[in-house]
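# Chains, contacts and geometry: an overview
Spelled out from the first residue to the last, the chains are:
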Amino acid sequence: MISNFHTHTTFCDGAGTAEQMVVSAIEKGFDVLGFSSHSDMVKDLDAYKAEIRRLAAKYEGKIRILCGIEAEYDTGFKRGDFDYVIGSTHYITAPDGGRFAFDATHDGLLNGVRDHFGGDFVAFLHAYFAQEREMVEKYDCDVIGHLDLVRKFNTKFPYFDESADWYREELVKTADVVAASGRLVEVNTGAISRGWMDDAYPSAEFRALLRERGVKFILSSDSHAPDTLDCAFDRFSAAESYVTLA
Ligand SMILES: [Zn+2]
Ligand SMILES: [Zn+2]
C-alpha cells in the first residue's frame, strides 16, 4: 500500500492546494493520503477540515483521504475530531523562558542558541531531547514527527558531532521513552526533498535503537509540494516494516 500521512498545503506553508496534492497522489498510485497542516499556521481549522472532507467525498473510490494535523505540542493543541495527530517540536523553550524556532532558518538556530543558551549548542541539544521526551510521555498524539529534527542544518552547517557519546546517550534515553509510550515514529524524508540533507529523520543509528526496542514506524514525506509526495520513498520503503494509520 502506498500512503503518506504528513502532507502540507496552502492551508499552512505548502506550495500546493489540497486538491493539487490529491490529484498528484492519485497520479502516483497512492492508496491513502493524509493531510497534516501545522496546527499553529492554519487560520481557519473548520475551513481546512471542510475542504479535506469535500475532497474525500469527491475522490472516493480513487483514493482514501484522512484529515490529520501536525500539532505544535507545546501550545497544548487538542486533538479534537482529527483523524490522527502528529506531535512535533519546532520550537525550543530555554531555561531562561525564551522560546524560539530552531528549524525555520539557520540564522534562527544560531541566534536562538546565542541568545538563550549562551552559545552552548550541547546544552541546546540536551534541552531539545528533554523536550522531545516530554512530548512523547505527555502529549496526546499518534505519531512522533521528525524525532531528530535538530539534525536539519548539521550537514550544511555542522554544529555538533552525531557520533559523540553524549549524543548517542540522548538517542538511547529517547528511544527508551518512545518504546514505553507505544507511539509510532515516522521515517520522514522531508529534509531530502528540501535539500537539507541526504537522509531521513530519524538517522539510521536512531532507527536501529528504536527498532531494537520494538518501535513501529510509518513512512512519510512531510511534503510541501505535489511533486514531492513520495520523495525518496524508493530508498526508505524497504528499510523498515511500516505500519499504516488507515
Ligand atoms: Zn514539522
Ligand atoms: Zn510537517
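Everything below is about the structure shown above.
What this report covers is the structure whose coordinates are included nearby. Note on numbering: residues in each chain are counted from 1, in written sequence order. For this description, chains carry letters from A and ligands carry numbers from 1, given in the order in which they are written. A pLDDT threshold of at least 70 governs which residues receive local features in this predicted model, and a stricter bar of 80 or more applies before side-chain atom pairs are shown or counted, although totals over entire chains, interfaces and linings include all residues.

### Here we look at the overall build of the protein chain
In DSSP terms, a helix is any run of H or I states spanning at least four residues, a strand is any run of E spanning at least two, and both are numbered starting from the N terminus. When its secondary structure is counted, the protein chain shows eight helices and nine strands. Atoms counted for the radius of gyration: C-alpha only. Globule rule: 2.2 Å times the number of residues to the power 0.38. Here the C-alpha radius of gyration of the protein chain, 17 Å, is about what a compact globule of 246 residues would show, namely 18 Å. C-alpha extents for the protein chain along the principal axes are approximately 55 × 35 × 30 Å. Within the protein chain, buried positions represent 43% of all 246 residues. Placing C-beta atoms from the backbone, we regard two residues as in contact once those atoms come within 7 Å. The contacts in the protein chain between residues at least 6 apart in sequence include a share of 71% that link residues at least 24 apart. Exposure classes come from backbone-placed C-beta atoms, where a residue is buried if 20 or more other C-beta atoms lie within 10 Å of its own, exposed if 12 or fewer do, and partly exposed in between.

### A look at helix α7 (residues 204–212)
Among the residues of α7, Phe206, Arg207, Leu209 and Leu210 are the ones counted as buried. Burial along α7 is one-sided: seen end-on, the buried residues are contained in an arc of 160°. Those residues of α7 that are exposed and aimed more than 90 degrees away from the buried face are Ala204 and Glu212. Check the buried side of α7 and you find it contacts α5 (165–181) and β8 (184–188). After α7 finishes, the residue Gly214 shows a positive phi value of roughly 85°. Arc, as used here, means the arc of the directions from the helix axis to the C-beta atoms.

### Here we look at the sheet that holds β8
Across the sheet, seven strands lie side by side as β1-β2-β3-β4-β7-β8-β9; this open sheet has parallel pairing. This sheet does not close on itself; its edge strands, each paired only once, are β1 (3–4) and β9 (217–220). At least two DSSP bridges between two strands are needed for those strands to be called paired. One ladder, built from two bridges, connects strand β7 (residues 143–144) with β8; its direction is parallel. Of the residues in β8, the one forming a bridge with Val143 is Leu184. Lines fitted to C-alpha atoms define the axes, with helix axes restricted to the stretch in contact, and inter-axis angles between N-to-C directions lie between 0 and 180 degrees. Along the sheet face, helix α2 (residues 45–58) touches β2 (32–38) and β3 (64–72) and points at about 160° away from the line of β3.

### Considering helix α4 (residues 121–138)
Expected span of a helix, by definition, is 1.5 Å for each gap between consecutive residues, and there is one gap fewer than residues. For α4, built from 18 residues, the straight-helix expectation of 26 Å at 1.5 Å per residue is met to within 8% by its first-to-last C-alpha distance of 25 Å. Those residues of α4 lying buried are Phe124, Leu125, Phe129, Glu132, Met135 and Val136. Angularly, the buried residues of α4 cover 130° about the axis, an arc narrow enough to put them on a single face. Facing away from the buried side of α4 by more than 90 degrees, the exposed set consists of Glu137 and Lys138. Looking at the buried positions of α4, the neighbouring elements they touch are β4 (85–88), β5 (91–93), α3 (106–117), β7 and α5.

### Points about the packing of helix α1 (residues 18–27) against α2
Taken N-terminus to C-terminus, the directions of α1 and α2 make an angle of 30°; their axes are 10 Å apart at the nearest point. In this structure, α1 crosses over α2, and the sense of that crossing is right-handed. Every residue of α2 that contacts α1 at Ala18, Glu19 and Val22 is listed here: Glu51, Ile52 and Leu55. Classification used: nonpolar for Ala, Val, Leu, Ile, Met, Phe, Trp, Tyr, Cys and Pro, charged for Asp, Glu, Lys and Arg, polar for all others including Gly. Of the residues in the contact of α1 with α2, the class split is four nonpolar, no polar and two charged. Handedness of a helix crossing follows the sense of rotation of the near helix relative to the far helix, less than a right angle counterclockwise being left-handed and clockwise being right-handed.

### Brief notes about the environment of Met1
Positionally, Met1 belongs in the segment before β1. Considering only alpha carbons, one finds Met1 and Val243, 242 residues apart in sequence, at a separation of 10.0 Å. Once residues lying within four places of it in the same chain are set aside, the contact partners of Met1 are Asp31, Val32 and Thr244.

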